[in-house]
Amino acid sequence: MSKLWGARFDKKSDSLADQFTFSISYDHRLARFDVVGSIAHAQMLAKQGIIPKSDAQKILAGLKKILIKIDLGDFKFDAKAEDIHTDIQNKLKELIGKPADKLHTARSRNDQIVLDMKLYCRWEMAEIITAITQLQKAVLGFATKNNDVIIPAYTHLQSAQVVLLAHHMLAYVEMLQRDKTRVLDCFCRNDAMPLGACALSGTSLKTDREYVARLLNFSRVANNSMDVVSDRDFIVELISVCAMIAGHLSRISEDLILWASKEFDLIDIDSSFCTGSSIMPHKKNPDVLELVRGSTAVVIGNLTQIHVLLKALPLTYNRDLQLDKPVLFDTIDKTKNMLLVVSKIFASLKVNKDKARLRVLDESFFTVDVMDYLVKKGVSYRDAHDILGRMVKECLDEGKSISSLTRLELKKFSVVFEEDVKKLFNPQMSVKIKSSLGSTNPDMVKKQLDYWNKKISI
Ligand code: ARG
């Protein structure tokens, strides 16, 4: 089938050049958005009297038939078409004949492709928000089911203090919520309708861009025709948001991978999300989570790729911009799949409660609680730190536990110590005495769980 240009050329393009330049193999994913954009454009052309109403009716009927075929999966993409715009234009011509030639009036593929991409991004942003919400629900379900479990928490991957498992899970819920707001920010900033910029300078035809914006549910029209055909900020932003989401998923995966190891032994990942070893029959490997961590590298790489693609392009449209698509599609696919697979893992995740109970008995978890005890009795923070440091050292040197020190031994470190300090060497007590807002205090965590369970169920 014919290209959308060609009259100026005295020979056919080289077949290798065709292969090298054609984008139908990947931009066919934009088919639905291309047709939806064209329907709005045709309606505007008719309303403005730029094309006869009778031609517009034929164009609209043809486009609707094409749309139905696309939605049913019956649309046969033509691998010999240069891009999706060409394919749909050619199919429309096959269906309705000559009137199809009027559809491309007052637009160019340069503004058309930006419209397609913006419509695609809008669709995918909604999908991503839904997938994040689904993951938040799965994490909350896991947290709520295990809301009495206390686990070790780490800094520098060294045991630090104890926390409620639910508190740790709520940290994930918070970061995912920020990701959702990032998607929304990105949506609002890029909610400007591009069509009508034409090749780069606008048109002398009496178009009504605001009408097209209304038909396509954009809140405004893009201000500058040169900016809008060159702009791919919205793609960079969306990939950047996906890189942030992927980064969060990677950190969550890393926690789960560690916790599933024999050394931590805090959780059991359902075997349907693990694989075995071809040589070591005992192995149950968390490959799915490892691939979430690995896919994050690809998504972050994609962010670099899109930045490099754009960084030295002169205004306005350059064909380099065509290569934004594989990068964006790959990013979106990976991000959605990662969100979905991690949600499923949480839904079937089990806690090894007995192991967790044993793991939080180590009394070094409670040294900060003992420091707070001293501070409450008037000891300065610095002195309290020194006292606990000396106690830990002496106990380590002499192979004793702090909780087994006698009253007299305690007094040797500080006169303010009384027997009641021993109550602090207890994980339940350690979480209970936390009282600052946002802490792991069980009542506060319960409130947070209630808040999120209510918010996310809406
Ligand atoms: N396929 C191109 C892209 O993805 C859109 C077509 C614009 N091409 C052109 N030669 N003006 O960016």
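These figures come from a predicted structure and were not determined experimentally. (Residues numbered from 1 in each chain as written. Predicted model: local features only at pLDDT ≥ 70, side-chain atom pairs only at ≥ 80, totals over all residues. Heavy atoms only, no water.)

## As for the overall build of the chain
The helix and strand inventory of the chain stands at 18 helices and six strands. A globule of 458 residues ought to have a C-alpha radius of gyration of about 23 Å, yet the chain, at 31 Å, is considerably larger. In terms of principal-axis extent, the alpha carbons of the chain reach across some 100 × 55 × 40 Å. For the chain, buried positions account for 47% of its 458 residues. Pairs at least 24 residues apart make up 75% of the contacts formed inside the chain by residues separated by at least 6 positions. Computed over 66 positive and 57 negative side-chain charges, the separation of the two mean positions in the chain equals 4 Å. (Helix = DSSP H or I, 4+ residues; strand = E, 2+ residues; numbered from the N terminus. Rg over C-alpha atoms; globule rule 2.2 N^0.38 Å. Buried < 20%, exposed > 50% of the residue type's maximum accessible area, 1.4 Å probe, protein only. Contact = heavy atoms within 4.5 Å. Lys, Arg positive; Asp, Glu negative; His and termini not counted. Charge placed at Lys NZ, Arg CZ, Asp CG, Glu CD.)

## Thoughts on the site of the ligand
Ser23, Asp83, His85, Arg109, Asn110, Ile113, Tyr317, Arg319, Gln322 and Lys325 make up every residue found near the ligand. Between the ligand and glutamine 322, the relevant distance is 2.9 Å, taken from a nitrogen atom to a side-chain nitrogen or oxygen of the residue. Between the ligand and the protein, one listed contact pairs an oxygen atom with a side-chain N or O atom of lysine 325 at 2.8 Å. When isolated, the ligand has an accessible area of 350 Å², and the protein chains bury 87% of it. Ranked by the residues each element gives to the shell around the ligand, the list is headed by helix H6 (residues 109-145), at three residues. Looking at the shell around the ligand, its residues break down into two nonpolar, four polar and four charged. (Near = heavy atom within 4 Å. Polar contact = N/O pair within 3.5 Å; in protein donor to acceptor, adjacent residues only side chain to side chain. Areas by Shrake-Rupley, 256 points an atom, 1.4 Å probe, with all protein chains shown as cover. Nonpolar A, V, L, I, M, F, W, Y, C, P; charged D, E, K, R; others polar.)

## Looking at the pairing of strand S2 (residues 158-164)
In this structure, strand S1 (residues 150-155) lies alongside S2, joined through six bridges in antiparallel fashion. Within the sheet, the bridge partner assigned to tyrosine 154 lies in S2 and is serine 159. With antiparallel pairing between neighbouring strands as the criterion, S1 and S2 make up a hairpin whose turn holds two residues, including histidine 156 at a positive phi of roughly 55°. (Pairing = 2+ DSSP bridges.)

## Details of the pattern of salt bridges
For the structure on display, the rule yields 31 salt bridges. In this structure, the salt-bridge partner of aspartate 333 is arginine 29, at a minimum N-O distance of 2.8 Å. Of the two residues, aspartate 333 is situated in helix H12 (residues 324-347) and arginine 29 in the loop between helix H2 (24-27) and helix H3 (31-47); the sequence distance between them amounts to 304 residues. Here arginine 189 ties to glutamate 237 by a salt bridge, and the two come within 2.5 Å at their closest N and O atoms. With arginine 189 in helix H7 (residues 165-189) and glutamate 237 in helix H10 (residues 233-260), the pair connects residues that are 48 residues apart, well separated along the chain. Salt bridges here are not isolated pairs; linked through shared partners, they connect Glu82, Asp83, Arg109 and Arg319. (Salt bridge = Lys/Arg side-chain N within 4 Å of Asp/Glu carboxyl O.)

## Quick word on the nonpolar core
Ranked by size, the top nonpolar core spans 133 residues in total, and within it Phe346 and Phe417 carry the most contacts. Here this core gets 17 residues from one element, more than from any other, and that element is H6. Sequence-distant contacts of phenylalanine 346, defined by excluding residues within four places in its chain, comprise Leu135, Ala138, Val139, Phe142, Met169, Tyr172, Ile252 and Leu256. (Core = buried A, V, L, I, M, F, W, Y, C linked by side-chain atoms within 4.5 Å.)

## Topic: unusual backbone geometry
The residue after leucine 315, namely threonine 316, is reached through a cis peptide bond having omega 5°. Mapping threonine 316 onto the fold places it in the loop between helix H11 (287-310) and H12. In the Ramachandran plot, alanine 106 falls in the positive-phi region, its phi being about 60° despite a non-glycine side chain. Counting through the fold element by element, alanine 106 comes out in the loop between helix H5 (84-96) and H6. Phi at aspartate 265 takes a positive value of approximately 55°, unusual for a residue other than glycine. Position of aspartate 265 relative to the elements: it lies in the loop between H10 and strand S5 (267-268).

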